Amino acid sequence: MIEFRQRIYQIVEKSEGHSGLSYGYDIFMSVCICLSLLPLFFRQQYPVFYYFDLFTVIVFILDYIAHWMTADLRRTYAHRWAAFLLYPITPMGIVDLLSILPGVNLLPNGYKIFRVSRLLKIVRVFKFFRYSEQFQLLFRVLRNERKVLLSVLMIAVFYIVVTALIMFNAGQGSSHFDSYFDALYWATTTLTTVGYGDICPANDLGRVISMLSALFGVAIIALPSGIITASYLDELRKERDGK
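Just so you know, these numbers come straight off a predicted model, no measurement behind them.

Draft legend 1. Local environment of the overall build of the chain. On a plain count of helices and strands, the chain comes out with 13 helices and zero strands. Among the 243 residues that make up the chain, the fraction classed as buried is 35%. Sequence-distant contacts in the chain: of pairs separated by 6 or more residues, those separated by 24 or more amount to 63%. A total of about 15300 Å² of accessible surface is found on the chain, and carbon and sulfur atoms cover 69% of it.

Draft legend 2. Quick peek at the side chain of Lys127. Along the chain, Lys127 falls in the loop between helix 8 (116-120) and helix 9 (128-131). When neighbours within four sequence positions are excluded, Lys127 is seen to be in contact with Met29, Ile33, Phe60, Asp63, Met92, Val95, Asp96 and Ser99.

Draft legend 3. Region of interest: the environment of Arg207. Locating Arg207 in the fold gives a position in helix 13 (residues 204-242). Using a relative accessible area of 41% as the deciding quantity, one classes Arg207 as partly exposed. When the C-alpha atoms of Arg207 and Met167 are compared, they prove to be 9.4 Å apart, with 40 residues separating the residues in sequence. When near neighbours in sequence (up to four residues on either side) are disregarded, Arg207 contacts Pro201 and Ala202.

Draft legend 4. Structural detail: the packing of helix 3 (residues 47-69) against helix 6 (residues 91-100). Their axes nearest at 9 Å, the elements helix 3 and helix 6 cross at an angle of 150°. Considering the angle they form, helix 3 stands roughly antiparallel to helix 6. As helix 3 packs across helix 6, the resulting crossing turns out to be left-handed. In contact with Val57, Phe60, Ile61, Asp63 and Tyr64 of helix 3, helix 6 contributes Gly93, Asp96, Leu97, Ser99 and Ile100.

Procedures and definitions
- Residues numbered from 1 in each chain as written.
- Predicted model: local features only at pLDDT ≥ 70, side-chain atom pairs only at ≥ 80, totals over all residues.
- Heavy atoms only, no water.
- Helix = DSSP H or I, 4+ residues; strand = E, 2+ residues; numbered from the N terminus.
- Buried < 20%, exposed > 50% of the residue type's maximum accessible area, 1.4 Å probe, protein only.
- Contact = heavy atoms within 4.5 Å.
- Areas by Shrake-Rupley, 256 points an atom, 1.4 Å probe, with all protein chains shown as cover.
- Axes fitted to C-alpha atoms, helices over the stretch in contact; angles between N-to-C directions.
- Parallel < 35°, antiparallel > 145°, perpendicular 65-115°, else oblique.
- Left-handed = near helix turned anticlockwise from the far one by under 90°.

Here is the structure:
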């Protein structure tokens, strides 16, 4: 039984290039994820989508069982049973479970009126993190630089709040900023250099603030880009040196 579970573990875990069967399983699961997401690209639900959903849900259930039964081989706990008990509440365990729910009709009809079932299928996108080496590399980069990226995020949020506060008070008399939320929305789109144009300053002082906000916004947005790029290159170098 242990040898059987070890073999299952070697297949369902992310392939490192040493197992053709594991690599094939990764490709198969990626195709199933794409098939399960295909109906979301259409408003009209064609009959063939029902069979896509039925097939992929069965595959996801089997995949969930396979990962659950090998949970103790993936993580080390003081007690072996803890791995089986805690797997359903791990991030990927939750993603796997939410990916299954829309297809087994466990959601009440009342929720389906609000398309919760359809929206839950989008969660299946996160299953790519398990089967795609590129996504896993990006996740490692974000995890390694989480403290720096969190600091940049805090700076960006602080800048948005302060700029919105300044613009809201400087733009009094302009109908474009009827509430602080309007100013907050404007500050966010300006910081990210999107600028939809639906809300904009109507006086000279507001335009000066807007120009300064755009210039500082470019600098703030550029910070995480450089951090992620440098860390990404380091991870690629480690993988190359490891091989």
